[in-house]
Amino acid sequence: VGYDTLSGSLGNGTLYTYPLNVRTGIALYNSTSATIGSNTINNLVGSNGYGVYLLSSPNATLFFNNITAQTSAGRGLAIVNSSNFNSYSNVINSSAGTAVRVGWVDTPSQYSNSTANFTNDTIWCNACSAALRVNQSSQVTFTNVSFNRSAVIIENESTFSNNNLTVQWFADVNVSYA
C-alpha cells in the first residue's frame, strides 16, 4: 500500500517491501478513521524505511499487528500530524533507527500536534537510537506497554508547546474466597 487514502480497514495479511523504490509497508496520507489489523508488516528495504507511516491521518487504529523495520535507519511506526491515534496489542520493532516516532522535526505548522494512545503493546528495538521518540508538540499515553524506558527520547526541536509521555500500569488481581 503506498500513499493512498484509506477509509475503512486493512487486515489479515502479510505485507513486505522490496527494492522497488518503496520504503514503507503501509503509508496513509490524509486518511480518516483508518483501521489496520491482524497483519504482519515487514520493511526490508532501504536505509530509512517505515513499517507503517501515518501523515495527517486522524482517528487511525492499529491492532494485533506485528510490525518490523529491518533497515539501517528504519522506523517501525511513524505518526506525523495525526490526532487521536490508537494502538493496541501490537508488536512494533526496528532493527535500527527508531521503533516508534510521534511528531517530526520540521516547521511546527506542518508536522505537529500528534496524539497517540498505546495499550498492551510491545515496543522494542535491537541497536536503535530510541524505542520511542516524541517531538513537535506531541502527546503520547502508554497503558500496560512493554518498552525499554532507557531508550525514550522526548525532544524539543522547534516545538511551540510541550511534548508529553504518560505511562500507566494496571495490575490484574483475582480475589477469591479461601
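The structure this text deals with has already been given above.
Residues numbered from 1 in each chain as written. Predicted model: local features only at pLDDT ≥ 70, side-chain atom pairs only at ≥ 80, totals over all residues. Heavy atoms only, no water.

Turning our eyes to something else, we now look at the overall build of the protein chain. From N to C terminus, the protein chain includes 0 helices and 17 strands. Each of the 178 residues in the protein chain was classed as buried or not, and the buried ones make up 46%. When the accessible area of the protein chain is evaluated, it comes to approximately 8,500 Å², of which 49% is carbon and sulfur surface. (Helix = DSSP H or I, 4+ residues; strand = E, 2+ residues; numbered from the N terminus. Buried < 20%, exposed > 50% of the residue type's maximum accessible area, 1.4 Å probe, protein only. Areas by Shrake-Rupley, 256 points an atom, 1.4 Å probe, with all protein chains shown as cover.)

Relative to the assigned elements, Ser56 resides in the loop between β5 (50-55) and β6 (61-63). Of note is the side chain of Ser56, whose polar atom sits 3.2 Å from the side chain of Asn81. Each residue touching Ser56, except ones within four places of it in the same chain, is listed here: Asn30, Ser31, Val80, Asn81 and Ser82. (Polar contact = N/O pair within 3.5 Å; in protein donor to acceptor, adjacent residues only side chain to side chain. Contact = heavy atoms within 4.5 Å.)

A few words on the packing of aromatic side chains. Any two aromatic rings considered together are summarised by their centre-to-centre distance and by the angle between their planes. What the rule picks out here adds up to 7 aromatic pairs. With centroids separated by 4.9 Å and ring planes inclined at 70°, the aromatic side chains of Phe142 and Phe147 adopt a geometry described as edge-to-face. Counting every residue linked through ring pairs, the aromatic cluster contains Phe85, Phe118, Phe142 and Phe147. (Phe/Tyr/Trp six-rings, centres within 6.5 Å; stacked < 30°, edge-to-face > 60°.)

Turning to the nonpolar core, a few remarks are in order. Membership of the largest hydrophobic core comes to 29 residues, with the highest contact counts inside it found for Leu77, Ile79, Phe85, Val100, Phe118 and Ile123. Residues contacting Val100, with those up to four places away along its chain left out, are Leu77, Ile92, Phe118, Ile123, Ala131, Leu132 and Arg133. Judged by nonpolar contacts, the second largest core, of 7 residues, contains Ala27, Tyr50, Leu55 and Ala78. (Core = buried A, V, L, I, M, F, W, Y, C linked by side-chain atoms within 4.5 Å.)

Mapped onto the elements, Val102 comes out in strand β11 (residues 98-102). For Val102, the residues in contact, after removing those within four places along its chain, are Ile79, Ser114, Ala116, Leu132, Arg133, Val134, Asn135, Ser138 and Val140.

Another point: the state of the cysteines. Using the criterion set out here, one finds 1 disulfide in the structure. The residue that forms a disulfide with Cys125 is Cys128, at a sulfur-sulfur distance of 1.8 Å. As far as burial versus exposure is concerned, Cys125 and Cys128 are alike and both buried. (Disulfide = S-S within 2.5 Å.)

To continue, consider the pattern of salt bridges. The full count for this structure, using the stated rule, is 2 salt bridges. The partner of Arg101 in a salt bridge is Glu155, and the shortest N-O contact between them spans 3.3 Å. Placement of the pair is Arg101 in strand β11 and Glu155 in the loop between β16 (152-154) and β17 (164-168), with a sequence separation of 54 residues. Arg101 gets classed as buried once you look at its relative accessible area, which sits at 6%. (Salt bridge = Lys/Arg side-chain N within 4 Å of Asp/Glu carboxyl O.)

Moving on, we get to unusual backbone geometry. Despite not being glycine, Phe64 shows a phi value in the positive range, around 50°. Positive phi, close to 50°, is recorded for Asn81, a residue that is not glycine. When you line up the elements, Asn81 lands in the loop between β8 (75-80) and β9 (85-88).

Geometry only, nothing functional implied.
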